[in-house]
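# Examining the three-dimensional arrangement
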Amino acid sequence: MNSDLWIVALILLFSKIIGSVFNKLKLPSSIGEILTGVILFMLIPEIASSQSISILAQLGITFSILLTMLAIDFSVLENSIERFSFIQITTALTGLLILLFTFNYFGIDIGLTPIFLACVIGSSTTIAMKSLLSIEAINTKEGQKILGLQIINSMVEIILVSVAISMIYTKKFDIDLLTKLTFTLIGVVVVSSRIGTKLINLLFSIIQKFKLEEILLATTILLALLLGAFTEKLGITSFVGVMLVGILISKTPQAGIIANKIRELGESFFIPIFFASLGFGATLFVDIVNLFQLIFAILLLRFLMFFIPLRIFKFDAEESIKIASGFLPMSGYGLLVLGLAIKNNMFSSEFYSLFLMSYIVINLISPLLIKLSFKIKIRRKEYRKRKIF
């Protein structure tokens, strides 16, 4: 027990120090926290087997998902939720088709494509927003569409992550689970959210009336854990339950207060440990040629899987390039899925190290790529009627 406490203190100390340094350099603190995990694992390999770290990392995932969902501004989706949902579904299908073709061409087991899709489909909303703010593009039509599509992308990612985790443990693709998850999400967002949000709003209003605002945080965490346990009983991962609670609470007047409290506690303790744990099992010493090849492949895949659906839905080329670039930053949940796949011998530990280093490099260069894409100007052809006389 004392050994575990020492490990927890060590991870927390160094992840906060390195994360703060990255933050001062205007880089994502999560990258610094992941690097902390990699370095500590290389120095102390037994750190990955700590049960305390595993439990705290799970709580970190809960806080991270809650923060993501509480940040949702549904006004951005006004009159666009159906269209954006279809675009993101088409994105997932496009990515799946590209991966099926690629895996088949290189002789890789095509049964792994849904798992790898879950690893690469998620986008970092935080990096995208900071990049758009830095170039004053947040209020442009492309910037607003990126924000709206990011909301749907977060939900689609959680669904695919849940399906992928189920595949990792059952060794088979469960179409019933995918259908159940999709209809559950639709039910919460479109129908149940009205009733659920009213009930939660009533509960939170009573708590505020008695000036017990500190209980708002405890109530939110309790609801997230309870619904997470409930969805697990249904054969769905707890992430879905946590996501649904976050969506419901995001529509209440108390969402801002709760988000601040979740951020204070989560980013001070649980979330850094979660990101540090993603570095366990990886090494910084990877083949440079393979690394650059994988970075190029992931960037190309992510760009095409977002660009093609936008063109299908009648976005012009310039707008499609700008919006697709906003999805180049990668989400950390992909590392979680791939880490579980490694433990179940579906991918090699060498590949995990390559993927993790690719994740870091892509998230470091993506702000520059977004900035460059917003400078692109494509001339539109103008057709003029010829005068006969």
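Residues numbered from 1 in each chain as written. Predicted model: local features only at pLDDT ≥ 70, side-chain atom pairs only at ≥ 80, totals over all residues. Heavy atoms only, no water.

## With respect to the overall build of the protein
For clarity, the cut-off: Strands here are runs of E lasting at least two residues and helices are runs of H or I lasting at least four, both read from the DSSP assignment and numbered beginning at the N terminus. Relative accessible area decides the class of each residue, using a 1.4 Å probe on protein chains only: under 20% of the type maximum gives buried, over 50% gives exposed, and in between gives partly exposed. Note on contacts: a residue pair is in contact if any heavy atoms of the two residues lie within 4.5 Å. Working definition of accessibility: Shrake-Rupley area with a 1.4 Å probe, residue cover restricted to the visible protein chains.
Regarding its fold elements, the protein presents 15 helices and 0 strands. Among the 389 residues that make up the protein, the fraction classed as buried is 53%. Of all intrachain contacts in the protein linking residues separated by at least 6 positions in sequence, the fraction that spans at least 24 positions is 80%. On the protein, roughly 19700 Å² of surface is accessible, and the fraction owed to carbon and sulfur atoms is 65%.

## Some remarks on the pattern of salt bridges
What counts is decided by this rule: Here, a salt bridge means any side-chain nitrogen of Lys or Arg that lies within 4 Å of a carboxyl oxygen of Asp or Glu.
Across all of its chains, the model carries 2 salt bridges by this definition. Between Lys322 and Glu318 there is a salt bridge, with its nearest N and O atoms 3.0 Å apart. Note that Lys322 and Glu318 are positioned in helix H13 (residues 317-325) at a spacing of 4 residues, about one turn of the helix. For Lys322, a relative accessible area of 5% puts it in the buried group.

## Quick word on the confidence of the model for the protein
For clarity, the threshold we go by: The predictor's confidence in any single residue is recorded as pLDDT, a number from 0 to 100.
When pLDDT is averaged along the protein, the result is 87; 89% of the residues meet or exceed 70. Summarising per-element confidence for the protein, the mean pLDDT is lowest in helix H8 (residues 175-209) (66) and highest in helix H12 (residues 288-312) (97).

## Details of helix H14 (residues 333-343)
Within H14, 10 of the 11 residues are buried, which leaves it mostly tucked inside the rest of the structure. Of the positions making up H14, those classed as buried are Tyr333, Gly334, Leu335, Leu336, Val337, Leu338, Gly339, Leu340, Ala341 and Ile342. Directly beyond the C-terminal end of H14, a positive phi value near 60 degrees is found at Asn345.

## Topic: the packing of H14 against helix H15 (residues 349-373)
What counts, and what does not: Every axis corresponds to a line fitted to the C-alpha atoms, with the helix fit spanning only the stretch in contact, and the corresponding angles, defined between N-to-C directions, vary from 0 to 180 degrees. Any angle from 65 to 115 degrees is called roughly perpendicular, while one under 35 is roughly parallel, one over 145 is roughly antiparallel, and all others are oblique. Under this grouping Gly is polar, as are all residues other than the nonpolar Ala, Val, Leu, Ile, Met, Phe, Trp, Tyr, Cys and Pro and the charged Asp, Glu, Lys and Arg.
Put simply, H14 and H15 touch, their axes get as near as 10 Å, and they point 170 degrees apart. Looking at the two axes, H14 sits roughly antiparallel to H15. Each of Leu335, Leu338, Gly339 and Ile342 in H14 lies in contact with H15, whose residues at this interface are Ser349, Phe351, Tyr352, Phe355, Leu356 and Tyr359. Counted by class, the contact of H14 with H15 contains 8 nonpolar, 2 polar and no charged residues.

## Some remarks on the nonpolar core
Counted only if it meets this: Only buried Ala, Val, Leu, Ile, Met, Phe, Trp, Tyr and Cys residues count toward a nonpolar core, and they belong to the same one when joined by side-chain atoms within 4.5 Å.
Of all hydrophobic cores here, the largest spans 123 residues; its most connected members are Ile115 and Phe355. It is helix H7 (residues 141-170) that contributes the most residues to this core, 14 residues altogether. Beyond its immediate chain neighbours, meaning those up to four positions away, Phe355 contacts Phe116, Cys119, Val120, Leu294, Ile298, Met330, Leu335 and Leu338.

## Details of the environment of Ile249
In this fold, Ile249 is placed in helix H10 (residues 238-250). On a C-alpha basis, the gap between Ile249 and Met69 in space is 8.5 Å, while along the polypeptide they are 180 residues apart. In this structure, Ile249 is in contact with Leu70, Ile200, Phe204, Thr220, Ala255 and Ile258, ignoring residues within four places of it in sequence.

## Describing the packing of helix H3 (residues 51-70) against H10
Spelled out, the test is: A clockwise turn of the near helix away from the far one marks a right-handed crossing, whereas an anticlockwise turn of less than a right angle marks a left-handed crossing.
For the pair H3 and H10, interaxial distance at closest approach is 8 Å and the crossing angle is 35 degrees. Of the two possible hands of crossing, H3 and H10 adopt the one that is right-handed. Touching Gln58, Ile61, Thr62, Ile65, Leu66, Met69 and Leu70 of H3 are Phe239, Val242, Met243, Val245, Gly246, Ile247, Ile249 and Ser250, all from H10. For the contact of H3 with H10, a count of residues per class yields 11 nonpolar, 4 polar and no charged.

## A short note on the side chain of Thr113
Considering the arrangement of structural elements, one finds Thr113 in helix H5 (residues 113-120). In this view, Thr113 contacts Leu96, Leu99, Leu100 and Phe103; residues no more than four positions away in its chain are not counted.

## Looking at the packing of aromatic side chains
Selection criterion: Here a Phe, Tyr or Trp ring, Trp counted by its six-membered ring, pairs with any other such ring whose centre lies within 6.5 Å, and the pair is stacked when the planes are under 30 degrees apart, edge-to-face when over 60, and tilted otherwise.
One pass over the full model with this rule turns up 14 aromatic pairs. On the basis of an interplanar angle of 45 degrees and a centroid distance of 6.5 Å, the ring pair of Phe116 and Phe347 is categorised as tilted. A residue pair is termed long-range when its members are at least 10 positions apart, and Phe116 in helix H5 and Phe347 in the loop between H14 and H15 qualify at 231 residues. No difference in accessibility class separates Phe116 from Phe347, as the two residues are buried. When the centroid spacing of 4.9 Å and the interplanar angle of 90 degrees are considered together, the rings of Phe269 and Phe270 count as edge-to-face. Among the residues examined, Phe269 registers a relative accessible area of 26% and is labelled partly exposed. Owing to a relative accessible area of 13%, Phe270 belongs among the buried residues under this scheme. Among the aromatic side chains, those forming a connected cluster through ring pairs are Phe103, Phe116, Phe347, Phe351 and Phe355.

## Regarding unusual backbone geometry
We note that Lys26 has phi near 60 degrees; this positive angle belongs to a residue other than glycine. Residue position: Lys26 is located in the loop between helix H1 (2-24) and helix H2 (29-43). A positive phi angle, close to 55 degrees, is found at Glu136, a residue other than glycine. With respect to the helices and strands, the residue Glu136 is situated in the loop between helix H6 (125-134) and H7. Look at Glu136 and you get exposed, because its relative accessible area is 73%.

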